[in-house]
Amino acid sequence: MTSPPISEEEFAARARHFLEANAEKRVARETSFGEGPDEVSVLPERTPEEDAAEVRAAKEWAAKVFDAGFGWITGPPAYGGGGLPGSFQRIYSKLEAGYETPSQAPRLIGLGMIAPTILAHGTEAAKKAYLRKLWRGDIIACQLFSEPSHGSDLAGVQTRAIKDGEEWVLSGQKVWTSGAQYSQIGEIICRTDPEAPKHKGLSMFIVDMEAPGVEVRPLRQMTGGASFNEVFLEEVRVPADHLLGEENGGWTVALTTLMNERAAIGGGGAGAGVGPAHRLLDLMRHLGLQEDPLLRQEYADLWVNLQVARWNSERALSKMRAGQLPGPELSTAKLSLTENMRRTAELAARLLGPRIIADTGEWGTYAWSKYLLGVPGMRIAGGTDEVMRNIVAERVLGLPKEPSASK
Ligand SMILES: Cc1cc2nc3c(=O)[nH]c(=O)nc-3n(C[C@H](O)[C@H](O)[C@H](O)COP(=O)(O)OP(=O)(O)OC[C@H]3O[C@@H](n4cnc5c(N)ncnc54)[C@H](O)[C@@H]3O)c2cc1C
């Protein structure tokens, strides 16, 4: 194995220099009841203007980081990456966490799921056209998988792609597409052979979200925001070199994306839930309920489960860092994440009683309603709790497969 062209020490010194020059040091703040933004939500609750400002800030920071050589540290140099080992990425991430930098939330789907899929299955033309732009923040990508009648049963999707010379023509409808409103490209799964068994008649494409025939309509959530959309496609033309993987081999490509999705959601569980749990403790103290033995027990149960989830996610992540594939333990990581969110929301509701549904204007009380109403979404996104339990039962515990009615 050839050694990297730069030592870890020199790399860290350059990273420190870049961060010092471009960002403010993060100041550790003690949380206490009544201070800071009155927001505890699961899904973003933003206006289109706030969305646009967040996207602009994310892209500007991404371009700066990329141009300084820290944007895609481990990626292949042929497509804009730095070609360095994963240890260099960990060094940079740890250093950057010590600074105030704009949220990169709008880029997470593109970088966590779509870019790895393009790298694994894209044509040379697609890799050259999109990977650098995605990592530099020039473009954002979304995932066009679910349809009105096909979510868990993804292999049943009906959006059609028909070959026409050197192009494909796409028609159909997708739904629940997070971030479609600000994405420039999407990864889309379509049916290319309606006669074949359902898993074998699918192909995956990259579609230009600004092409004629693509219409994005926002869907309003019960919490007020609109972070996902319906996407209608009417005879949208896609060049042949935008096919990902083989024609009718889309299911294999989908599995790559889904595995990365579970890694992104479940692996992200390493520190997830700790912020809301701290806030709950502040709330218990504010309400004078911190000595109630049953509530203390419930809180302790939540805290223990958060720590178990954290160590489980760390274990899965270190397996991935060692070059192994993210395995079924990530399905348990996603399940623990959503179970802990449920525990948090239920305890908040018990502490607050009617104040969680009636806004009295008091800080830190009604704000929890958005968390309570947002948790079911997390239990559905990226594979529902029930589907995750099936995966754990069949692939981890080796229990018999559930009966399937489809061919
Ligand atoms: C916050 C959020 C963001 C999302 N973002 C995206 C996105 O960006 N792109 C995208 O393509 N999709 C996205 N989705 C859609 C998501 O992938 C689907 O909602 C999910 O796969 C479930 O599909 P469905 O809604 O059709 O429900 P269904 O599949 O119809 O499920 C309905 C119920 O039946 C249960 N069920 C289904 N099959 C089984 C089974 N075999 N065994 C036991 N129970 C079963 C489910 O658990 C659920 O309770 C998002 C969803 C949410 C909530």
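The shown structure was predicted, so the numbers you read here are calculated from the model rather than taken from an experiment. (Residues numbered from 1 in each chain as written. Predicted model: local features only at pLDDT ≥ 70, side-chain atom pairs only at ≥ 80, totals over all residues.)

This part is about the overall build of the protein chain. From N to C terminus, the protein chain includes 11 helices and 10 strands. Taking 22 Å as the expected radius of gyration for a compact globule of 407 residues, we find that the protein chain reaches 22 Å, a close match to that expectation. Taking the principal axes of its C-alpha atoms as reference, the protein chain extends roughly 70 × 55 × 45 Å. Within the protein chain, contacts between residues at least 6 apart in sequence are counted, and of these 74% link residues at least 24 apart. (Helix = DSSP H or I, 4+ residues; strand = E, 2+ residues; numbered from the N terminus. Rg over C-alpha atoms; globule rule 2.2 N^0.38 Å. Contact = placed C-beta atoms within 7 Å.)

Along the chain, S41 turns up in the loop between β1 (24–25) and α2 (48–67). In this structure, the C-alpha to C-alpha distance between S41 and Y371, residues 330 residues apart in sequence, is 4.4 Å. When neighbours within four sequence positions are excluded, S41 is seen to be in contact with T223, K370, Y371 and G374.

Below, the discussion takes up the domain arrangement of the protein chain. Partitioning the protein chain into structural domains gives domain 1 (141–249) and domain 2 (271–396). For domain 1 versus domain 2, the distance between C-alpha centres works out to 32 Å. (Domains from an automatic or database assignment.)

Next up on the list: the pairing of strand β5 (residues 167–178). Of the strand pairs in this sheet, strand β4 (residues 160–164) and β5 are connected by 5 bridges, and their pairing is antiparallel. Along β5, the bridge assignment pairs D164 with E167. Hairpin connection of β4 to β5: 2 residues between the antiparallel strands, including G165 at a positive phi of 65°. Sheet topology places β5 next to strand β9 (residues 228–239); 10 bridges connect them, and they run antiparallel. Within β9, the residue paired with W168 across the bridge is V238. (Pairing = 2+ DSSP bridges.)

Before going further, it helps to examine the site of the ligand. Near the ligand, the surroundings consist of 20 residues, among which F145, G151, S152, T384 and E386 are the closest. At the level of elements, β3 (141–144), β5, α10 (368–380) and α11 (385–396) are the ones that each hand at least two residues to the shell around the ligand. Grouping the constituent residues of the shell around the ligand by class yields 9 nonpolar, 9 polar and 2 charged. Inspection of the shell around the ligand shows a minimum of three residues originating in each of domain 1 (141–249) and domain 2 (271–396). (Near = placed C-beta within 6 Å. Nonpolar A, V, L, I, M, F, W, Y, C, P; charged D, E, K, R; others polar.)

Further remarks concern the nonpolar core. Membership of the largest hydrophobic core comes to 55 residues, with the highest contact counts inside it found for I118, L170, I189, F205, I206 and V207. Considering each element in turn, this core owes the most residues, 6 residues, to helix α4 (residues 108–121). Apart from residues lying up to four places away in sequence, V207 is in contact with L144, L170, I185, G186, I188, V236 and V238. A272, M284, A316 and L352 belong to the second-largest nonpolar core, a separate cluster that totals 27 residues. (Core = buried A, V, L, I, M, F, W, Y, C linked by C-beta atoms within 7 Å. Buried ≥ 20, exposed ≤ 12 C-beta atoms within 10 Å, placed from the backbone.)

So, about unusual backbone geometry. Most of the time, phi is negative for any residue but glycine, and the peptide bond is trans. At W176, a residue that is not glycine, the phi angle is positive and equals roughly 65°. Secondary-structure assignment places W176 in strand β5. Residue classification places W176 among the buried residues on the basis of 21 C-beta atoms within 10 Å. Phi is positive for E235, which is not a glycine, with a value near 50°. Summarising the element assignment, E235 is placed in strand β9. The exposure class assigned to E235 is exposed, which follows from the 11 C-beta atoms found within 10 Å.

Here we take up the packing of α4 against helix α5 (residues 124–136). As a packed pair, α4 and α5 sit with axes 10 Å apart at the nearest point and diverge in direction by 160°. Here α5 runs roughly antiparallel to α4, going by the angle between their axes. Crossing angle aside, the handedness with which α4 passes α5 is left-handed. The residues of α5 that touch α4, namely those facing G110, L111, A115, I118 and L119, are A126, K127, Y130, L131, L134 and W135. Of the residues in the contact of α4 with α5, the class split is 9 nonpolar, 1 polar and 1 charged. (Axes fitted to C-alpha atoms, helices over the stretch in contact; angles between N-to-C directions. Parallel < 35°, antiparallel > 145°, perpendicular 65-115°, else oblique. Left-handed = near helix turned anticlockwise from the far one by under 90°.)

Once that is clear, we can look at α11. In this model, α11 (12 residues) spans 15 Å end to end at C-alpha, consistent with the 16 Å of a helix rising 1.5 Å per residue. Where α11 ends, the next residue or the one after it, G398, has phi of about 70°, a positive value. (Expected span 1.5 Å × (residues − 1).)

On to the packing of helix α1 (residues 8–22) against helix α3 (residues 86–96), then. Orientation of α1 relative to α3, taken along the N-to-C sense of each, is 30°, at an axis distance of 10 Å. Judged by the angle between their axes, α1 and α3 are roughly parallel. Between α1 and α3 lies a crossing of right-handed hand. Residues E8, F11, A12, A15, R16 and L19 of α1 pack against S87, F88, I91, Y92, L95 and E96 of α3. Classifying every residue of the contact of α1 with α3 gives 8 nonpolar, 1 polar and 3 charged.

Right, let's get into the pairing of β9. Pairing of strand β8 (residues 214–219) with β9, which is carried by 6 bridges, proceeds in the antiparallel orientation. By the bridge assignment, V214 is partnered in β9 with L233.

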